[in-house]
Amino acid sequence: MNVDGYNSETIERSKSVTGCFAMFLLFMGITFLPLFYDGSKALLDKGYLYPLLFSLEFMIIFPLYYFYFRKREGYGWGSIRIGIFFPLFLCVLFIQYVIPSLIFIKQAESWSVSQLALKGHVFWMNAVMMILIVPVYEEMIFRGCLLSVFRYWFGNNIYAAGIVVSLIFSACHLQYLGWQSFVMLFLVSGVFVVGRVKSGGILMPVFLHMLMNMTVIGMPFVTAYLGTV
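In this text, all values refer to a predicted model and were calculated from it rather than measured experimentally. For every chain, the first residue of its written sequence is number 1, and the numbers climb from 1 along that sequence. Local features are withheld for residues below a pLDDT of 70 in this predicted model, meaning they are given only at 70 or higher, and side-chain atom pairs are given and counted only at 80 or more; totals for whole chains, interfaces and linings count all residues. The basis for every side-chain value is the complete set of heavy atoms in the structure, and neither hydrogens nor water enter the calculation.

## Things to note about the overall build of the chain
Every helix listed is a DSSP run of H or I at least four residues long, and every strand listed is a run of E at least two residues long, numbered separately from the N terminus. The secondary structure content of the chain amounts to nine helices and two strands. If you list the helices and strands of the chain from N to C, you get β-β-α-α-α-α-α-α-α-α-α. Only protein chains enter the accessibility calculation, which uses a 1.4 Å probe; a residue is then buried when its area is under 20% of its type maximum, exposed when over 50%, and partly exposed in between. The 229 residues of the chain split such that 41% are buried. Contact criterion: two residues are considered in contact whenever any of their non-hydrogen atoms come within 4.5 Å of each other. In the chain, the share of contacts with a sequence separation of at least 24, taken over all contacts with a separation of at least 6, comes to 74%. All accessible-area figures derive from a Shrake-Rupley calculation using a 1.4 Å probe, and residue coverage is judged against the displayed protein chains alone. Only carbon and sulfur atoms are counted for the fraction: they give 70% of the accessible area of the chain, which is about 12,700 Å².

See below:
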């Protein structure tokens, strides 16, 4: 069926892309909310700001994506293919721990140091959010919605779309200041894009993201423990 020269499939895809971009704008709007709240500094000092922000982002992004996008082609869960998953995770580890030692010395980010310095239930609250919650909605936004937007805009050129999404993904992690972190986030995002394309959905990049965060958060404690043995 044609409507003013456009078939129904084109119109439907255009609507989907518009909805995806709106999801990204919504995500960014939530991310910047602390700038407009006078009590943000006090919450940050106590370690509660990020868990509250992560919870809000998850509670808004997850249900919207689940109900409006998950049944669309390429937006669903996809599959976990072990033969692809583990090589991709090895790539993530290579980016996180080998590349810095070969190319540059990655300075410890002040945000990361402050997170690891948190004590008791506040540390565990932040850690659980970073491992189990953040990867879910970030993959929905970046490798789900935003990747689809740029594939559409770039005429289904997955390479150009993946590069632009990875640049945006790196730039959106405002808590990191060093260029080294930007480079590593860009490369990691590229791995997640490959996982998204190879698996046909966001489940593989979600689990890659979770495992990466768990490794990054847990490695200092493993290193400290081994140092005492």
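Still more ground to cover, so stick around.
## Details of the side chain of His173
Examined against the element boundaries, His173 turns out to sit in the loop between α7 (158–172) and α8 (179–199). Taking the relative accessible area as the measure of exposure, His173 reaches 10% and is therefore buried. Polar contact criterion, stated in full: a pair of N or O atoms within 3.5 Å, where within protein one must be able to donate a hydrogen and the other to accept it, and residues adjacent in sequence count only if both atoms are side-chain atoms. Of note is the side chain of His173, whose polar atom sits 2.7 Å from the backbone oxygen of Phe169.

## Considering the nonpolar core
The biggest cluster of nonpolar side chains holds 42 residues, and the ones touching the most others in it are Phe24, Phe27, Tyr65 and Phe142. Elements that contribute at least two residues to this core include exactly α1 (8–31), α3 (49–68), α6 (120–153), α7, α8 and α9 (203–228). It is α6 that provides the largest number of residues to this core, a total of 17 residues. By nonpolar core is meant a set of buried Ala, Val, Leu, Ile, Met, Phe, Trp, Tyr and Cys residues that side-chain atoms within 4.5 Å join together. One finds Phe85, Met184, Val188 and Met212 within the second-largest nonpolar core, a separate group that totals 15 residues.

## Let's talk about the packing of α6 against α8
In this analysis an axis means a line fitted to C-alpha atoms, helices contributing only their contacting stretch, and an angle means the value between N-to-C directions, from 0 to 180 degrees. The N-to-C vectors of α6 and α8 enclose an angle of 70 degrees; their axes lie 11 Å apart at closest approach. By the angle between their axes, α6 is roughly perpendicular relative to α8. Of α8, the residues touching α6 (which contributes Glu139, Arg143, Gly144, Leu147 and Ser148) are Ser189, Phe192, Val193 and Arg196. Under the convention adopted here, Pro, Cys and the residues Ala, Val, Leu, Ile, Met, Phe, Trp and Tyr are nonpolar, Asp, Glu, Lys and Arg are charged, and Gly plus all remaining residues are polar. Its residues assigned to classes, the contact of α6 with α8 comprises three nonpolar, three polar and three charged. Throughout, the term roughly parallel applies to angles under 35 degrees, roughly antiparallel to angles over 145, roughly perpendicular to angles from 65 to 115, and oblique to all others.

## Here's the deal with the packing of aromatic side chains
Under the pairing criterion, centres of Phe, Tyr and Trp rings, with the six-membered ring standing for Trp, must be within 6.5 Å; the plane angle then separates stacked pairs below 30 degrees from edge-to-face pairs above 60, leaving the rest tilted. Under the defined criterion, the tally for this structure stands at 17 aromatic pairs. Measuring from ring centre to ring centre gives 5.8 Å for Phe69 and Tyr75, while their planes differ by 35 degrees; the resulting arrangement is tilted. Each member of the pair Phe69 and Tyr75 is classed as buried. Grouping aromatic residues by their ring pairs yields a cluster made of Phe21, Phe24, Phe27, Tyr137, Phe142, Phe150, Trp153, Phe154 and Phe169. By the criterion adopted, a ring carries a charge over it if an Arg CZ or a Lys NZ lies within 6 Å of its centre and within 35 degrees of its normal. The residue whose ring lies beneath Arg143 is Phe169, and the NZ or CZ to ring-centre distance is 4.3 Å.

## Concerning the confidence of the model for the chain
A residue's pLDDT is the predictor's confidence in that residue, given on a scale from 0 to 100. Looking at the chain as a whole, its pLDDT mean stands at 87, while 90% of the residues score no less than 70. Mean pLDDT per element in the chain: strand β1 (residues 2–3) is the minimum at 50, and α7 is the maximum at 96.

## Quick notes on the environment of Ile80
Residue position: Ile80 is located in the loop between α3 and α4 (82–103). Classification of Ile80 as partly exposed rests on a relative accessible area of 35%. Separated by 119 residues in the primary sequence, Ile80 and Ser199 place their C-alpha atoms 6.5 Å from one another. Apart from residues no more than four positions distant in its own chain, Ile80 is found in contact with Leu203, Met204 and Phe207.

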